Amino acid sequence: ALKTNSNYLSKIINAHKNQNFANYLKDLRITHAINYLKDYPGYAHNKSTIQLAEEFGFNSLDVFTRALKQKIGITPAVFLKQLKKGNL
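What comes next is a walk through the structure.

Reading the values: the criteria
- Residues numbered from 1 in each chain as written.
- Predicted model: local features only at pLDDT ≥ 70, side-chain atom pairs only at ≥ 80, totals over all residues.
- Heavy atoms only, no water.
- Helix = DSSP H or I, 4+ residues; strand = E, 2+ residues; numbered from the N terminus.
- Expected span 1.5 Å × (residues − 1).
- Contact = heavy atoms within 4.5 Å.
- Polar contact = N/O pair within 3.5 Å; in protein donor to acceptor, adjacent residues only side chain to side chain.
- Buried < 20%, exposed > 50% of the residue type's maximum accessible area, 1.4 Å probe, protein only.
- Arc of directions from axis to C-beta.
- Phe/Tyr/Trp six-rings, centres within 6.5 Å; stacked < 30°, edge-to-face > 60°.

As a further point, take helix H2 (residues 21-39). Spanning 19 residues, H2 covers 27 Å between terminal C-alpha atoms, matching the ideal 27 Å at 1.5 Å per step. Contacts made by the buried residues of H2 are with helix H3 (49-55), helix H4 (61-72) and helix H5 (76-85). A distance of 3.2 Å separates the backbone nitrogen of Ala 22 from a side-chain oxygen at the start of H2, and that oxygen is part of Asn 20.

Attention now moves to H5. Residues that lie three or four places apart on an α-helix share one face, since the helix turns once every 3.6 residues. Among the residues making up H5, those that are buried are Pro 76, Phe 79, Leu 80 and Leu 83. Buried positions in H5, seen along its axis, are confined to an arc of 95 degrees and lie on one side of it. Structural note: H5 exposes Lys 81 and Lys 85 on the side pointing more than 90 degrees away from its buried face. In this structure, the buried residues of H5 make contact with H2, H3 and H4. Gly 86 sits one or two positions beyond H5 and adopts a positive phi of about 80 degrees.

Turning to the packing of aromatic side chains, a few remarks are in order. For the structure shown, the criterion picks out five aromatic pairs. Seen from their ring centres, Tyr 36 and Tyr 43 are 5.1 Å apart, and the 85 degrees between their planes marks the pair as edge-to-face. For Tyr 36, a relative accessible area of 28% puts it in the partly exposed group. Residues Tyr 43 and Phe 56 carry aromatic rings whose centres are separated by 6.4 Å and whose planes lie at 65 degrees to one another, so their mutual orientation is edge-to-face. One end of the pair, Tyr 43, is in the loop between H2 and H3; the other, Phe 56, is in the loop between H3 and H4, with 13 residues separating them in the sequence. Following the ring pairs from residue to residue traces out a cluster consisting of Tyr 36, Tyr 40, Tyr 43 and Phe 56.

Shown next, in the form of structure tokens:
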């Protein structure tokens, strides 16, 4: 879609974002998940955390949990509780 190769794209991301492609993609996914769940808090009501992780592009709950905790300092369980209470 970008009409370039993966090596060039990776170099651009490394140079401009100071992170490798995998970490950049993980950051995009977790940021999207956070924003989406804040905008649509009811979306998570009948879903397990692993279902949410998979729907936002994470291969495991552990990776999703670490990414969220690194980004906002809390686990998915705490995030979802705060979301349900309207504290976000």
